[in-house]
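Here is how the chains run, residue by residue.
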Amino acid sequence: MTDNLLGIPETRLPVDPAAALLAGGADPTQVAREHPTSSLAWAELAEVALGAGEPVQAYAYARTGYHRGLDSLRKSGWRGQGPVPWEHEPNRGFLRALAALSRAAGVIGETDEQRRCADFLHDSSATGARALGL
């Protein structure tokens, strides 16, 4: 059973070259410098900033990752709606950036943005939303 009642095809992003670097323990700041289009690098920076109690920095990092992800989604044929499955690992950078943006927005009092991002995440990938705790 699927939540995709409109039959819109899934969007699957290409492999992010930053993923291997990050998985190997590279510094996310350096990875973002070398791969500024990587949603995953920006998502990791946002998550670290949230964990360090720096929500404004987290918001900026997450928003960058979110916008880089939107660019990648559009290049991959996404038309503003439809599933972005968590199960396809290259999609996780965008989904993590979206979750971090929702969390950071909530911490700084941007409740409309928090809800919009959480809804977007759920609409894109209910599995991802559960995995990311939203």
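For the structure itself, consult the block above.
This report concerns the structure included in the present document. (Residues numbered from 1 in each chain as written. Predicted model: local features only at pLDDT ≥ 70, side-chain atom pairs only at ≥ 80, totals over all residues. Heavy atoms only, no water.)

On to the side chain of Asp16, then. Among the secondary structure elements, Asp16 is positioned in the segment before α1 (17-23). Buried charge without a partner: Asp16 forms no salt bridge, and the closest opposite charge is Arg96, 9.1 Å away. Among the polar contacts listed, one links the side chain of Asp16 to the backbone nitrogen of Ala18, at a separation of 2.8 Å. A distance of 2.6 Å separates the side chain of Asp16 from the side chain of Ser38, its partner in a polar contact. Sequence-distant contacts of Asp16, that is, excluding residues within four places in its chain, are made with Ser38, Ser39 and Leu40. (Helix = DSSP H or I, 4+ residues; strand = E, 2+ residues; numbered from the N terminus. Buried < 20%, exposed > 50% of the residue type's maximum accessible area, 1.4 Å probe, protein only. Lys, Arg positive; Asp, Glu negative; His and termini not counted. Salt bridge = Lys/Arg side-chain N within 4 Å of Asp/Glu carboxyl O. Polar contact = N/O pair within 3.5 Å; in protein donor to acceptor, adjacent residues only side chain to side chain. Contact = heavy atoms within 4.5 Å.)

Turning our attention to the environment of Leu22. Inspection of the secondary structure assignment puts Leu22 in helix α1. Spatially, the C-alpha atom of Leu22 lies 16 Å from that of Leu95, the residues being 73 residues apart in sequence. Ignoring any residue separated from it by four or fewer positions in sequence, one finds Leu22 in contact with Pro28, Val31, Leu40, Ala41 and Glu44.

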